[in-house]
Protein chains: 2
Amino acid sequence: MASLIETAVSTSVDVPSIDINGHSKSTSSSKAAKTSPAESLTTKTPGRSVRSKYRHIAAYHSELRTSCLSRDSTVNPSFIGFRNLMVIVLIVMNLRLIVENFMKYGVLICIKCHDYRRNDVFLGSILFALVPCHLFVAYIIELAAAQQAKGAVGRTKKSHDQAAESEKERRAFQSTWRLIAFAHTVNATLCLVVTNFVVYYYIHHPGIGTICEFHAIIVWLKNCSYAFTNRDLRHSMLHPSEQSKIPEIYSTCPYPKNVTVGNLTYFWLAPTLVYQPVYPRTPRIRWSFVGKRLVEFVVLSVFIWLTSAQYAAPVLRNSLEKIAVLDFTSIVERIMKLSTISLVIWLAGFFALFQSFLNALAEVMRFGDREFYSDWWNSWSVGMYWRSWNKPVYLFMKRHIFSPLVGRGWSPFAASAMVFLFSAILHELLVGIPTHNLIGVAFAGMLLQLPLITVTLPLEKRDDPTTRIIGNSVFWVSFCLVGQPLGALLYFFAWQAKYGSVSKLEN
Amino acid sequence: MASLIETAVSTSVDVPSIDINGHSKSTSSSKAAKTSPAESLTTKTPGRSVRSKYRHIAAYHSELRTSCLSRDSTVNPSFIGFRNLMVIVLIVMNLRLIVENFMKYGVLICIKCHDYRRNDVFLGSILFALVPCHLFVAYIIELAAAQQAKGAVGRTKKSHDQAAESEKERRAFQSTWRLIAFAHTVNATLCLVVTNFVVYYYIHHPGIGTICEFHAIIVWLKNCSYAFTNRDLRHSMLHPSEQSKIPEIYSTCPYPKNVTVGNLTYFWLAPTLVYQPVYPRTPRIRWSFVGKRLVEFVVLSVFIWLTSAQYAAPVLRNSLEKIAVLDFTSIVERIMKLSTISLVIWLAGFFALFQSFLNALAEVMRFGDREFYSDWWNSWSVGMYWRSWNKPVYLFMKRHIFSPLVGRGWSPFAASAMVFLFSAILHELLVGIPTHNLIGVAFAGMLLQLPLITVTLPLEKRDDPTTRIIGNSVFWVSFCLVGQPLGALLYFFAWQAKYGSVSKLEN
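Residues numbered from 1 in each chain as written. Chains lettered and ligands numbered in written order. Predicted model: local features only at pLDDT ≥ 70, side-chain atom pairs only at ≥ 80, totals over all residues. Heavy atoms only, no water.

**Q** Got a minute to help me understand the overall build of chain A in this structure?
**A** Of regular secondary structure, chain A possesses 16 helices and two strands. With an accessible surface of roughly 22300 Å², chain A has 71% of that area assigned to carbon and sulfur atoms. (Helix = DSSP H or I, 4+ residues; strand = E, 2+ residues; numbered from the N terminus. Areas by Shrake-Rupley, 256 points an atom, 1.4 Å probe, with all protein chains shown as cover.)

Below, the structure is given as structure tokens:
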């Protein structure tokens, strides 16, 4: 078996030897001898430049050696081969499951089978059209506020008695702000309440419902950010001081110049939830980039749809009775099976939305800051994950909830508890409303993050690889392998319990 | 969500801010400001050492950034997190299969169920006792040869006419060697033939049969090595020359001093198939080391037994009808399922035998050269694998087949073809005889290695990681994920077709 490496080394080894009958034919060639197999083991003994013509006596066991897996081994071998094996086994195991699934269910993909009501689509489109209007109502409110502020500035300029004026001024501003705040609250709340009401009671299809809910929440958050930011901008204009400096980047468009339809429209469409009068912009739109991202997005969406229909749906379906009778072993088995699928869908979904879609949108909007996520997959604490996987929401929370609360003297823990409470409510709405089941699982799941973060916090400071591996594993298991599939299973169960399947075919 | 990292950084952030109703409470502290969240994003703009008291206007989007997964990203993030995920998914998937298997079959481990015939054990023990005797017959043959050689040396010393003598001498040696060779051949062949005959016709149980066959083949190989080595040693003694130098290490025990019962017994028990008069020895026996290795060996053996009984057996059983009706898809699915199990068993078996057992034996024998394998799992060509996974056999083949043939002018390819042919026959005996089915699958499997080696040979020379990954994957797939399970399946099928199960319980 050695030969083929020999061929790589020496073309032909032709050195003296003796055949089984003792006829010796000597055609020595020390050159060839150098590269001959036994030599490689016998050169170790000194002064054996000439190769023995007796091949059967070569001393292959010529020195003390250890097995490379023994503890007392001097060399520690690489195990990269096992990493490759791991990947291969993973592929094979999943291929097998695909074959098994096919033999069990055949092809489950069926476009016609899917029934959505005309009414759902109709209502959905109306909501989609209406929701952004609230943003423009917010604009009008801000316009009024800006007028009032400009007036105030004018007055302050004219007046001479600063001290008395400023006091009067402050009170005036406050009363106005109360009014504005009230108007904003009514406007924003209306946006959310109407959507929730319509989706919960009139839009049966969970998919369409989710899209509407998702859209409404995003616009609502933008609405809040717009109101808060403009309030602070206005106030900093009215009370110029060292501490009320506004960021350099805004200087090109100072308040109230930013309160325009164009400016708002940009914020409405930009891939961010944090309002700024000015954003870093890219010089031009690379349409090829946009095209690639959109192709990715479409391909991944189809992939997700196929995976859910062919693999997730059956698992969910045939785990229903298990849940009904609380057969614990089976439920665990089902969750384990679901976990891999939901993980794949989750990863595909993440990439489709945060990499492909948001980058495409940003490119079209010439939006400069593309850091929609950082390398959350390496995070070795749950806190790190939440800070890195969804930057748009994270930045909103940090700017409009966490930071102000901390500024008002809240303890960071209390502030972030607030953040998670808020985000828990939004999550429950996002999942519970379209599935018509406010069972509070998403809510609980989000709040559960707080203890998880607290537990894994010590890991963040530690810097040895082992800790990181442990922390990272804790994150993966808790979030992707237990949290998500369990949640999906429970909402699906609740849905089925209430309506039965959304799909016509039942097996 | 940011808070908990904040706590890690600054104990309490208490900087000026304005609450929703416009009451501003100023307790500035530029120290705290340094460590506050927004600051981290706003310090980028120069000259903003003092933190704005308006938290809602912090410019979080202050510069051009790319998503870290984009091609145009400057940083390329680590993906270690996904490696961890891979391991976790692998564990979860297999845990699931264990649960599934348990729900399907319950506990299949059953010691009483296993039936072996008294007769099998009886015959097995006799074979075990007889086989080594052939080794001592070989010793007697060598003893005679040594005597004759010593006589010859004496005669050469007396004689003066070297030229004439040496010619006569050579002929004399040859005739004697023919006799010795004949005796050895008869003796060795008898050892193998008898075992094969008894195992094939009289030992029903495949396990016991395999052990006997295994033992017989090992002793037979030792027998051959002993004969060939002593022949060359003798010849080099009779014809001393520059080319007939013997390795340094043998000098402490020159021929014919080495032809003793003690010396042979050591070779018989030593963990090698290559006879040397002298081996590198360790100074002392570390009994703790021996103990640990033996514990490993026992634990792994039990593990292998449990795995085969609980996981491999059912898969093999319920794939029988699939093979019978040649349901291709199902066969593929079964092989895929089997591959993971057989891989685990194979790896456990490798470690148990080559690391635990051989090291324990070597320690007891104070055998110095423990290199029973090198890091075969990293090999990126099939050839590398065969040269590194089983050193004892590899060294035998290299010293007593490959090297002599090459020495006699064979091309390295022809020589290694010979090696694989020889090894193929042995493999077929090892598997076919105990299962009473010489269906030639093992034989074919071994010969199939030659084309595989030739195909993957070019990869050996290339040194880029990608090539190595590809080559390594080819090796893993061809050998561990297809070759072995397929082979196992076929022999199991043949066995079942002939006898039905060896186990009483059938499901």
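**Q** I tried to follow a nonpolar patch on the surface on my own but got confused; where do I start?
**A** A cluster of nonpolar residues, A:I111, A:V298, A:V302, A:W305 and A:L306, forms a patch on the protein surface that exposes about 460 Å² of accessible area. With respect to the secondary-structure elements, A:I111 resides in the loop between α4 (80-105) and α5 (118-158). (Patch = residues over 30% accessible without salt bridge, like charges linked within 9 Å, V, L, I, M, F, W, Y side chains within 5 Å. Salt bridge = Lys/Arg side-chain N within 4 Å of Asp/Glu carboxyl O.)

**Q** Sorry if this is basic, but what is going on with helix α8 (residues 261-269) of chain A here?
**A** For an α-helix, the turn length of 3.6 residues means that residues three or four places apart are oriented alike. Among the residues of α8(A), A:N263, A:L264, A:Y266 and A:F267 are the ones counted as buried. Along the long axis of α8(A), the arc covered by the buried residues comes to 155°, so they all point the same way. (Buried < 20%, exposed > 50% of the residue type's maximum accessible area, 1.4 Å probe, protein only. Arc of directions from axis to C-beta.)

**Q** Help me understand the packing of helix α14 (residues 412-432) of chain A against helix α15 (residues 441-461) of chain A in this model?
**A** When two helices pack together, their arrangement is given by the angle between the helix axes and by the axis-to-axis distance. Residues and elements named next belong to chain A. In contact at an axis separation of 7 Å, α14 and α15 are set at 155° when each is read in the N-to-C sense. Between α14 and α15, the angle falls in the class roughly antiparallel. With respect to the hand of their crossing, α14 and α15 are arranged in right-handed fashion. Side by side, α14 and α15 meet where F413, S416, A417, F420, L421, S423, A424, I425, H427, E428 and V431 of the first sit next to V441, A442, F443, M446, L447, Q449, L450, I453 and T454 of the second. (Axes fitted to C-alpha atoms, helices over the stretch in contact; angles between N-to-C directions. Parallel < 35°, antiparallel > 145°, perpendicular 65-115°, else oblique. Left-handed = near helix turned anticlockwise from the far one by under 90°. Contact = heavy atoms within 4.5 Å.)

**Q** Got a minute to help me understand the confidence of the model for chain A in this structure?
**A** Interpretation of this model should avoid reading the predicted coordinates in detail wherever pLDDT is low. All names here are of chain A. Per-residue pLDDT for chain A has a mean of 81; in total, 85% of the residues score no lower than 70. Every residue in residues 502-507 is under pLDDT 50, and counting partners more than four places away or in other chains gives 17 contacts. Scored as a complex, the prediction yields pTM 0.76 and ipTM 0.79. (pLDDT = per-residue confidence, 0-100.)

**Q** Is there a simple way to think about unusual backbone geometry in this case?
**A** All names here are of chain A. Look at the link from Y255 to P256: it is a cis peptide, with omega at 0°. Position of P256 among the secondary structure elements: in the loop between α7 (206-238) and α8. Not every positive phi belongs to a glycine, and L326 is a case in point at roughly 55°. Along the chain, L326 turns up in the loop between α10 (320-324) and α11 (328-365).

**Q** In this structure, what is going on with the pattern of salt bridges? I would like to understand it.
**A** Where charged atoms from two side chains of opposite charge approach closely, those side chains can pair. All chains considered together, the criterion is met by 30 salt bridges over all chains. With its nearest N and O atoms 2.9 Å apart, the salt bridge here joins B:R370 to B:E363. Of the two residues examined, B:R370 and B:E363, each falls in the buried class. Here the salt bridges do not stand alone but share partners, grouping A:R96, A:E100, A:K337, B:E333 and B:R334 into one network.

**Q** I tried to follow the side chain of A:T456 on my own but got confused; where do I start?
**A** Residue and element names in this part refer to chain A. Topologically, T456 is positioned in helix α15. You can call T456 buried: its relative accessible area is 3%. A distance of 2.9 Å separates the side chain of T456 from the backbone oxygen of L452, its partner in a polar contact. What T456 contacts, discounting residues up to four positions off in sequence, is S381, V382, G383 and V474. (Polar contact = N/O pair within 3.5 Å; in protein donor to acceptor, adjacent residues only side chain to side chain.)

**Q** Is there a simple way to think about the UniProt feature "active site" (unreviewed entry) in chain A in this case?
**A** Following the UniProt record, the feature "active site" (unreviewed entry) maps to A:H427 here. Excluding residues within four positions of it along the chain, A:H427 makes contact with A:G432, A:A442 and A:M446. (UniProt positions renumbered as here; feature names shortened; annotations may be inferred.)

**Q** Any chance you could explain the environment of A:V198 here in plain terms?
**A** Mapped onto the elements, A:V198 comes out in helix α6 (residues 162-202). Along the chain, A:V198 and A:D120 lie 78 residues apart, while their C-alpha atoms are 9.9 Å from each other.

**Q** Sorry, what's going on with the side chain of A:E428 here?
**A** Residues and elements named next belong to chain A. Inspection of the secondary structure assignment puts E428 in helix α14. Of note is the side chain of E428, whose polar atom sits 3.0 Å from the backbone nitrogen of G440. If sequence neighbours within four positions are ignored, E428 has contacts with I433, N437, L438, I439, G440, V441, A442, F443 and Y491.

**Q** In this structure, what is going on with the packing of helix α7 (residues 206-238) of chain B against helix α14 (residues 412-432) of chain B? I would like to understand it.
**A** Residues and elements named next belong to chain B. Where α7 meets α14, the closest approach of the two axes is 9 Å, and the angle between their N-to-C directions is 150°. As judged from the angle between their axes, α7 and α14 are roughly antiparallel. Residues T210, E213, F214, I217, W220 and L221 of α7 touch α14, and the partners they reach there are F422, L426, L429 and L430. When grouped by side-chain class, the residues that make up the contact of α7 with α14 number eight nonpolar, one polar and one charged. (Nonpolar A, V, L, I, M, F, W, Y, C, P; charged D, E, K, R; others polar.)

**Q** What am I meant to see in the packing of aromatic side chains here?
**A** What characterises a pair of aromatic rings is the spacing of the ring centres plus the angle enclosed by the ring planes. All names here are of chain B. Inspection of every chain in the model, using the stated rule, returns 65 aromatic pairs over all chains. Centre to centre, the rings of F350 and F354 are 5.3 Å apart; their planes meet at 15°, and the pair counts as stacked. Taken together, the residues span about one helical turn, with F350 and F354 both in helix α11 (residues 328-364) at a distance of four residues. Summarising the burial analysis for this pair, F350 and F354 share the class buried. Centroid distance F354 to W389: 5.3 Å. Interplanar angle 55°. Geometry classified as tilted. Of this pair, F354 sits in helix α11 while W389 is found in the loop between α12 (382-388) and α13 (391-407), placing the two residues 35 residues apart along the sequence. No difference in accessibility class separates F354 from W389, as the two residues are buried. Here the basic side chain of R286 rests over the ring of F289, its NZ or CZ set 4.3 Å away from the ring centre. (Phe/Tyr/Trp six-rings, centres within 6.5 Å; stacked < 30°, edge-to-face > 60°. Lys NZ or Arg CZ within 6 Å of the ring centre and 35° of its normal.)

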